[in-house]
Every structure is written in structure tokens, then in C-alpha cells.
Amino acid sequence: MRIVSGIQPTGQIHLGNYLGAIKQWIDLQNENECVFFIADLHALTTPYETKLLQKSITEKVIAYLAAGLNPDKAIIFKQSDVKEHTELAWLLNTICPIGELERMTQYKDKSKKYKDNINAGLLTYPVLMSADIMLYKAMAVPTGKDQEQHVELTRTIARKFNQRFGETFPEPKSMMPEYGAKLMSLTDPKKKMSKSDEPKSCIFLFDEPEVITKKIMSAETDSGKDVLYNITKKPGISNLLVIYSLLTKKSIKEIEIEFKDKGYGEFKKSLANVVVNYLEPFRIKKKEFETRDSYVKEILEKGQARARVIAEATMKEVREKMGII
Ligand code: TYM
């Protein structure tokens, strides 16, 4: 099965990105044809530093590799290296109803957050994302919960295209983990963990052990002292339980029993240990990859070449069907 997903390069990768998306990718890469890219064109819709963009792209490739993506299996590349993404996005813009874009939650949130920069790209962002997926005729898109609405829109656009120009695109399905599809902020567990919020609300993949411990120990918890999963009454502890469970493969029930009568402090201390140990090999691999400058470049070049073969074939077909030759 062909699978597509991506991450924006700006900001650091956090545990939410990992548990919601990247961890699924690692599991999928062996049995599927995977296309994973750095969505640099999407990142231009919100304020960013031009001078830092390439550096953050390199950092994300290193994060992919450190987390366990295998460039000999998955196609790993930079979105802007394959021009067909923007070409297809324009064509899809002509069939996507504007009302669909105006109702997107992410558009509404971002237009509130970036009041001084509500650019057209912020609105048409999901069309570019649909192009990213449809260009490779992907069947499935592994992401966190916040991207589900965009994948649903991709199905709508694919259906409209097929009806108007003939059967061309599959309608891709969302793939989300049962737990961890929406990891919450450590400082405000009613909000999702987000790289654009304050650093102490996120655990970043490459945080040093002391930093991880400090963030977890000061994470917002709920009144009471029992370590129990209850999303409405105990959103803070529930979020930490999800992290504990996903990183140890223990069920939430097992963890609740383990920490019965032990209180939040002991649970948090143990969680800090779990996270520090889980991320240790990531930190080590990152340092290794950072010394191999040309390796990232090679991966992106190879990935670009592999992606282009598929992208060019799709665009040839799309152009013919839309009568643009
Ligand atoms: P981005 O860069 O915001 O996030 C990357 C991935 O991480 C997931 N994620 C989370 N999962 C669980 N809990 C959280 N708190 C959390 N925060 C983020 C996201 O759901 C995502 O899977 N538009 C996309 C990038 C993109 C894309 C695509 C994805 C561009 N084109 C095509 C799939 C297919 C984005 O901004 O993700």
C-alpha cells in the first residue's frame, strides 16, 4: 500500500509529533511503499526566519533518521524539491470549494493566532496538502488527530476530480494510533501539545535528560492524588498515563495498578525515567548524524529522484485528463 505523510520543518519535533505520526511511520515502512517528506512549502504560511529554514529542514531529516526511518525503504525528501506538488495544488484549487476551506479548524485557529498575517496560503494550505497526498495516489495517511479534517477534505477533492475528469485518484484514509493521536500540552492539558507554544509545554525529541525531568515534574496535574485515567476529570494525569503506556507498551490499567496509592510525585519521577531512557538512543543517533553532513544531502537527493518518478507520471495523467497538453 502506498502511504504519504509529512511534517513542517519549523520548530522542534516533540513527543506529540513522534507518537501521533513518526512512530506509525516506522512501523509502516517495512511492509508498505512509504513517502515521507519535509513540508517546507507549508511552513511559509506562518512567520518564519528565511536564514534558518534550510537548517531546520536538515534537523528534521536527522530527526527522522534518529527516530528510525530507513532511507533505503521509505522515500524521504523535501517538498519544494518536487515541483509537481505546487503544480497539482493549483489545479486542485480550481475544483476545491472555498466554503470547505473556510470551515477548516486549523485555518480558523491559525487566523486567530496570526491576526496580522492571514495570507491566502493559510486558507489554501489544505489544498497543497491534498496535492501532497494525491500526487502519489496514496491510500493512507498516518498523522495525528489534528490533520484528520485535512485528509477528509482530500477525499472530497479526489472524489470531485474523479467525477469531473474520470477515475484517477484513490480516496485516502486517515491512519491514527488508538492513543497518542492528540497528545496534550504539559502546561495546559486541555490544549494539544504544539511546537509553537512555550517550550515547557512540550517534550522535544532531543531534550537533555535534566530538561525532560524538569518538564515532567512540573507538568500540570489535577486535583486529587490517584493515578487514574479519566480524560474529563483528570486530563493532566491521563495525558501522562498515555505517554507512559505508549513508551513502555504497558496497558494503562497495568500502570494504574502499579501506582495505586503511590501518588503523582512518584508516578512523575518514574515517567521521567521512562522518557529519558526511551529517547536516549535518539539523542545518540542525532549526534552521530550531525557529524555526517553530506549524508543528509545524499538522502534528500535520492529521495527527490524517487519521488519525482511517481509525481511526474501522475502529473502527465492529470494534465491529459484536464486537457492541458
Ligand atoms: P505538523 O508539522 O503540524 O505535525 C506533524 C505530525 O505530528 C502530528 N501532531 C500530533 N500528534 C499527536 N499529538 C499532538 N499534540 C500532535 N501535534 C502534531 C500531526 O498530526 C502530524 O501528523 N499539515 C501537516 C504536514 C503535512 C502533511 C501533508 C501531513 C503537509 N502535507 C500530507 C500528511 C500528508 C502539519 O502541519 O503537520
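Residues numbered from 1 in each chain as written. Predicted model: local features only at pLDDT ≥ 70, side-chain atom pairs only at ≥ 80, totals over all residues. Heavy atoms only, no water.

Draft legend 1. Broad picture of the pattern of salt bridges. The full count for this structure, using the stated rule, is 19 salt bridges. One salt bridge connects E290 with K286, and the closest N-O pair in it is separated by 3.0 Å. Here E290 and its partner K286 are both found in helix α12 (residues 263-290), 4 residues apart, which amounts to about one turn of the helix. The partner of K321 in a salt bridge is E317, with the nearest N and O atoms 2.9 Å apart. Of this pair, K321 and E317 are both found in helix α13 (residues 293-322), 4 residues apart, which corresponds to roughly one turn of the helix. Overall, the relative accessible area of 31% leaves K321 in the partly exposed class. Using a relative accessible area of 23% as the deciding quantity, one classes E317 as partly exposed. (Salt bridge = Lys/Arg side-chain N within 4 Å of Asp/Glu carboxyl O. Helix = DSSP H or I, 4+ residues; strand = E, 2+ residues; numbered from the N terminus. Buried < 20%, exposed > 50% of the residue type's maximum accessible area, 1.4 Å probe, protein only.)

Draft legend 2. Focus on the packing of aromatic side chains. According to the stated counting rule, one finds 14 aromatic pairs in the structure shown. With a centroid separation of 5.7 Å and 35° between ring planes, the pair formed by F37 and F77 is classed as tilted. You can see F37 sitting in strand β2 (residues 33-38) and its partner F77 sitting in strand β3 (residues 75-78), a full 40 residues away along the chain. Aromatic side chains Y244 and F267 sit 5.5 Å apart centroid to centroid with 20° between the ring planes, which places their arrangement in the stacked category. Separated by 23 residues along the polypeptide, Y244 in helix α10 (residues 235-248) and F267 in helix α12 bring together distant segments of the chain. The class for Y244 is buried, based on a relative accessible area of 3%. The class for F267 is buried, based on a relative accessible area of 0%. (Phe/Tyr/Trp six-rings, centres within 6.5 Å; stacked < 30°, edge-to-face > 60°.)

Draft legend 3. Molecular detail of the packing of helix α4 (residues 84-93) against helix α7 (residues 120-134). Contact pair α4 / α7: the axes reach a minimum separation of 8 Å and the direction vectors enclose 120°. With respect to their mutual orientation, α4 and α7 come out oblique. Like other packed secondary-structure pairs, α4 and α7 cross with a definite hand, here right-handed. Within the contact between the two elements, α4 uses H85, L88, A89, L92 and N93 and α7 uses T124, V127, L128, S130, A131, D132 and M134. (Axes fitted to C-alpha atoms, helices over the stretch in contact; angles between N-to-C directions. Parallel < 35°, antiparallel > 145°, perpendicular 65-115°, else oblique. Left-handed = near helix turned anticlockwise from the far one by under 90°. Contact = heavy atoms within 4.5 Å.)

Draft legend 4. Just the environment of F36, in detail. Inspection of the secondary structure assignment puts F36 in strand β2. Sequence-wise, F36 and W25 are 11 residues apart; in three dimensions their C-alpha atoms are separated by 8.3 Å. Not counting chain neighbours up to four residues away, the residues in contact with F36 comprise I3, S5, W25, Y64, L69, A74, I75, I76 and F77.

Draft legend 5. How the structure looks around the nonpolar core. Residues L15, I22, Y64, F267 and V275 are the most contacted members of the largest nonpolar core, which totals 64 residues. No fewer than three residues from each of domain 1 (2-180 + 293-322) and domain 2 (206-287) sit in this core. With residues up to four places along the chain from it excluded, the contact list for F267 reads V227, I237, L240, L241, Y244, I255 and F259. (Core = buried A, V, L, I, M, F, W, Y, C linked by side-chain atoms within 4.5 Å. Domains from an automatic or database assignment.)

Draft legend 6. Seen up close, the site of the ligand. Not every one of the 27 residues close to the ligand is listed here, only the nearest: Q8, Y125, D132, D146 and L183. Between an oxygen atom of the ligand and a side-chain N or O atom of N17, the distance comes to 3.0 Å. Y125 is positioned with one of its side-chain polar atoms (N or O) 2.6 Å from a nitrogen atom of the ligand. Out of a free accessible area of 710 Å², the ligand has 96% covered by protein chains. For the shell around the ligand, the secondary structure elements donating two or more residues are β1 (2-7), α1 (15-28) and α7. (Near = heavy atom within 4 Å. Polar contact = N/O pair within 3.5 Å; in protein donor to acceptor, adjacent residues only side chain to side chain. Areas by Shrake-Rupley, 256 points an atom, 1.4 Å probe, with all protein chains shown as cover.)

Draft legend 7. Examining the domain arrangement of the protein more closely. Segmenting the protein into domains produces domain 1 (2-180 + 293-322) and domain 2 (206-287). For domain 1 versus domain 2, the separation of C-alpha centres amounts to 31 Å. Each partner contributes residues to the interface: domain 1 has 10 residues there, and domain 2 has 12 residues. For domain 1, the biggest contributors to the area lost against domain 2 are L15, A66 and Y179; these three give 47% of the whole. For the interface between domain 1 and domain 2, the tally reads 0 salt bridges. Summed over the shared surface of domain 1 and domain 2, the number is 1 residue pair in polar contact (both at pLDDT 80 or more). Mapped onto the side of domain 1 that touches domain 2, the elements with two or more residues apiece are α1 and α3 (50-67). (Buried area = accessible area lost by both parts, 1.4 Å probe.)

Draft legend 8. Main features of unusual backbone geometry. A positive phi angle, close to 50°, is found at K137, a residue other than glycine. By secondary structure assignment, the location of K137 is in the loop between α7 and β4 (140-142). For K137, a relative accessible area of 26% puts it in the partly exposed group. One non-glycine residue, D261, lies in positive phi territory at about 65°. Relative to the assigned elements, D261 resides in the loop between α11 (252-258) and α12.

Draft legend 9. Main features of the packing of α10 against α12. Two elements in contact, α10 and α12, have axes whose closest approach is 10 Å; the angle formed by their N-to-C orientations is 40°. When the axis of α10 is compared with that of α12, the two are oblique. With respect to the hand of their crossing, α10 and α12 are arranged in left-handed fashion. Along the contact surface, α10 presents I237, L240, L241, I243, Y244, L247 and T248, while α12 presents Y264, F267, K268, S270, L271, V274, V275 and Y278.

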